[in-house]
Amino acid sequence: MSGRWLGWRSALAAAAGLCLLAVPAEGKKLKVKSQGQLSIEGRVFQPDDIDRTQDTGLGLAGRLEANARYKPFDGQLRLFSRVDALDDTRNLVAIEELYLGFKMKPVRVRVGYQLLNWSATEAFHPADMLNARNYDSRLENPDKLGEPMVEVQVRFWEGNVSAYYMPVRRAPILPRAASRLSPFPKRLDVPLGDPLFSGRDRQIGDDWLEHQWALRIEQTLGDADLSLHVFQHVDRSQPTQVVDLFTGDIRPLFHFVTQVGGTWQQVFGPVVGKLEVGHREFGYPDPSPRYRLTHREMLDHTQIAAGLEFGWGIGQGEGTLILEGQAMITYDEPKLATPDLGPYQRDALLGYRHAFNDTSSTRLQAGVIVDLEDPSEWMIAARFERRLGDVWSLEANLRAIMAEPDDAGAGPELGELIAVGLERWNNANELNLTLSRFF
Amino acid sequence: MSLPRILLFASAALLSATAVAAADSAAEGLAIAKRCDAANSGFGSEEAELEMVLINASGDRVKRKLAMKSIEVEDEGDRSMLTFLWPPDIKGTKLLTHGRVGKSDKQWLYLSAMRRVKRISSRNQSGAFMGSEFAFEDLGGQEVSKYTWNLDGEETLEGRAAWKLTRVPTSRRSGYSKQIVWMDKEYQQPLRIDFYDRKQALLKTLTAKGFARHGKWWRPKTLEVVNHQTHKKSILEWTERELEADLDEDEFDKDALED
């Protein structure tokens, strides 16, 4: 919880920074812009038979964004907050962006919290790992949290090279035991403690400082966009679990990882081809007198996602067919057996998006993700968006999951313990509605 | 000479004269199009803010705002960056286009809410732009080579002398079978364009108004499109416009989308 409120103090500091930037100087042109949204968010899950889980949520959410430019400097602030009347574990204030920047061709420097998006594909994101995420948001693509960093970007040829230094380990927001989106067993009354990190020195602890870095090259070559990256950081998406012998809590443990990978996007007429790869090698922690490691270990692996998008005109609108697949390749074991936070291991997506191109910007998107190792496991997700007038908008999301763990008749408790991938969200069927007022 | 021979000779002469005239009017049409294109080029770069009003058949109005900047690139198509300013839910979304001669344009979409730069295909040119009566192909680069041209004659439109031209899109992906263009002789810009759909039916009419001089180039203040089939109307108005703006090619790189 402390991480959430650390964000609030930093936000005040950012606002002060923006105010300082806003002091006009003679002969220079200051531009300040702001925007935001207030939303009513409702979500309803298909009821389960577990008393401690919360099947409904009704929240008031706000996002505030401000940008100041005073060449060659700029500053950016983006905050998100939510108060939920029915499920207070979802209350939060999160910094999405809070940085000061400097730009003088060909160099750009930014210092502060940033949201990076390195994705090429729509459903699977093996390259887009740098930001911590809020796992109590959208299961298909959880919201990102701002990552504190220093970025130096140099433009060259048809792209750029960027170097990042990230001295702070920002914990992800994990769903609490009451949340239907929790990847951890919900039927067993086991308290889930705060996150732990295994650092470069392989020691387990909860220190928030760590030397983390990343390097990325992006280039456009004709009809292709290519990027290559390498980074060393504490992963925030694939925890294992340890038992804290002092408190008796089960605590998620995030591991130090070295990742190399890249993305490729290329246009072939009406088709856009995509490839996204991340190869990860984990630094497994040394034994600790306080924390007992569970039997599951992080396995070095390569995650590959590939996809095609095919678009065509339909009347004044546009339809897009999306086909994507993902595979996890491990080298030491025949099957990846990590209790990672993501629902996908080896899956395929077939989706369709329709942009009506009308005055209300109506969009409809639907897709099915099928587990290729067990086609009886699947997830269907649909989204509808429509603007109401100029400043209101409505978004509806529907998700259904069918992924029964193979508990061999031993009962749902054991089923939850042995569940992997999508099975951990079996029957987490959800309808959510968001009504937003933009300003 | 017998009568049948005279008729045959006369028919052949008529056909040949018609063919020559057709070739002449095509050549003249192309020459006028090239002349107008040359007259409208050379401005270097342009920066503008625009408002678009969409009016449905009942007269209800919806407003859009956008900022546009473009730059001419030698031996290639123009590059442009479109930034959506209103309505506020899409504020900050950007569309970057690198025009290419004889090839599909390169396009990237920047989704501001997700901080994501997405490569997109530019093949669907007939779709509606922001729900308006303008299609993407109406607002994209209007290179001469995108059409075959024919001069139909000269007419006076709203008191202004104009060439009447027929242009036929060379792309099979265009939403139009042909366009009739009234090209102002002084402004060397279209005063009016009638668009015909793929079924050869009159689809919509574009009217340019409020021409003003920016340096040595004439530009319209508003473009109005009336759809004759749906009775909807869209009006695009330049609220600010600067030609020979202080822009350089770096501002049209993919990286610039995130600035």
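Up top you'll find the structure we're talking about.
Just so it is clear, the model here is predicted, and its values are computed rather than measured. (Residues numbered from 1 in each chain as written. Chains lettered and ligands numbered in written order. Predicted model: local features only at pLDDT ≥ 70, side-chain atom pairs only at ≥ 80, totals over all residues. Heavy atoms only, no water.)

**Description of the interface of chain A and chain B**
Which entries qualify depends on this criterion: Residues count as neighbours in contact if any of their non-hydrogen atoms are within 4.5 Å of one another. What gets called buried area is simply the loss in accessible area from a 1.4 Å probe that two parts show on being joined, summed for both. The salt bridge definition used is simple: a Lys or Arg side-chain nitrogen within 4 Å of an Asp or Glu carboxyl oxygen. Counting of polar contacts relies on pairs of N or O atoms within 3.5 Å, with two restrictions inside protein: one atom must be capable of donating a hydrogen and the other of accepting it, and residues adjacent in sequence are counted only when both atoms are side-chain atoms. By definition, any uninterrupted DSSP run of H or I lasting at least four residues is a helix, any uninterrupted run of E lasting at least two residues is a strand, and each is numbered from the N terminus. Think of it as three bins: nonpolar holds Ala, Val, Leu, Ile, Met, Phe, Trp, Tyr, Cys and Pro, charged holds Asp, Glu, Lys and Arg, and polar takes everything else, Gly as well.
On the side of chain B, 38 residues touch chain A, which itself brings 46 residues to the contact. Here chain A and chain B share an interface that buries about 3,600 Å² over both sides, 37% of which is from carbon and sulfur atoms. The three residues of chain A that bury the most area against chain B are Asn-117, Arg-155 and Asp-390 of chain A, which together make up 15% of that side's buried surface. On inspection of chain A and its partner chain B, the count reaches 17 salt bridges. For Arg-155 of chain A, the salt bridge is made with Asp-255 of chain B, and the minimal N-O distance between the two is 3.9 Å. On the surface where chain A and chain B come into contact, there are 26 residue pairs in polar contact (both at pLDDT 80 or more). The element best represented in the side of chain A that touches chain B is strand β19 (residues 301-314) of chain A, accounting for three residues. By residue class, the composition of the side of chain A that touches chain B is nine nonpolar, 17 polar and 20 charged.

**So, the nonpolar core**
Across soluble globular proteins, you tend to see nonpolar side chains buried next to one another. Selection rule: In this text, buried Ala, Val, Leu, Ile, Met, Phe, Trp, Tyr and Cys residues form a nonpolar core when linked through side-chain atoms within 4.5 Å. For every residue, the accessible area (1.4 Å probe, protein chains only) is compared with the maximum for its type, and the residue is labelled buried under 20%, exposed over 50%, or partly exposed between those bounds.
In this structure, Phe-129, Phe-134 and Leu-165 of chain B are the most contacted members of the largest nonpolar core, which totals 43 residues. Among the elements that line this core, the one with the most residues is strand β9 (residues 176-184) of chain B, at five residues. For Leu-165 of chain B, the contacting residues outside a window of four places in its chain are Gly-29, Ile-32, Trp-149, Asn-150, Leu-151, Asp-152, Gln-179, Ile-180, Val-181 and Met-183 of chain B. Listed in part, the 16 residues of the second largest apolar core include Ala-123, Leu-349, Trp-425 and Ala-428 of chain A.

**Observations concerning the pairing of strand β8 (residues 147-156) of chain A**
Residues and elements named next belong to chain A. The condition that has to hold: For two strands to be treated as a pair, DSSP must find at least two bridges joining them.
Across eight bridges, strand β5 (residues 107-114) lies against β8 in antiparallel orientation. Bridging from a neighbouring strand, Val-111 pairs with Val-150 of β8. Sheet analysis places β8 next to strand β9 (residues 159-168), joined by seven bridges and oriented antiparallel. Its bridge partner being in β9, Gln-153 is matched across the sheet by Ser-162. Connecting β8 to the next strand, β9, in antiparallel fashion are two residues, including Trp-157 with a positive phi near 50 degrees.

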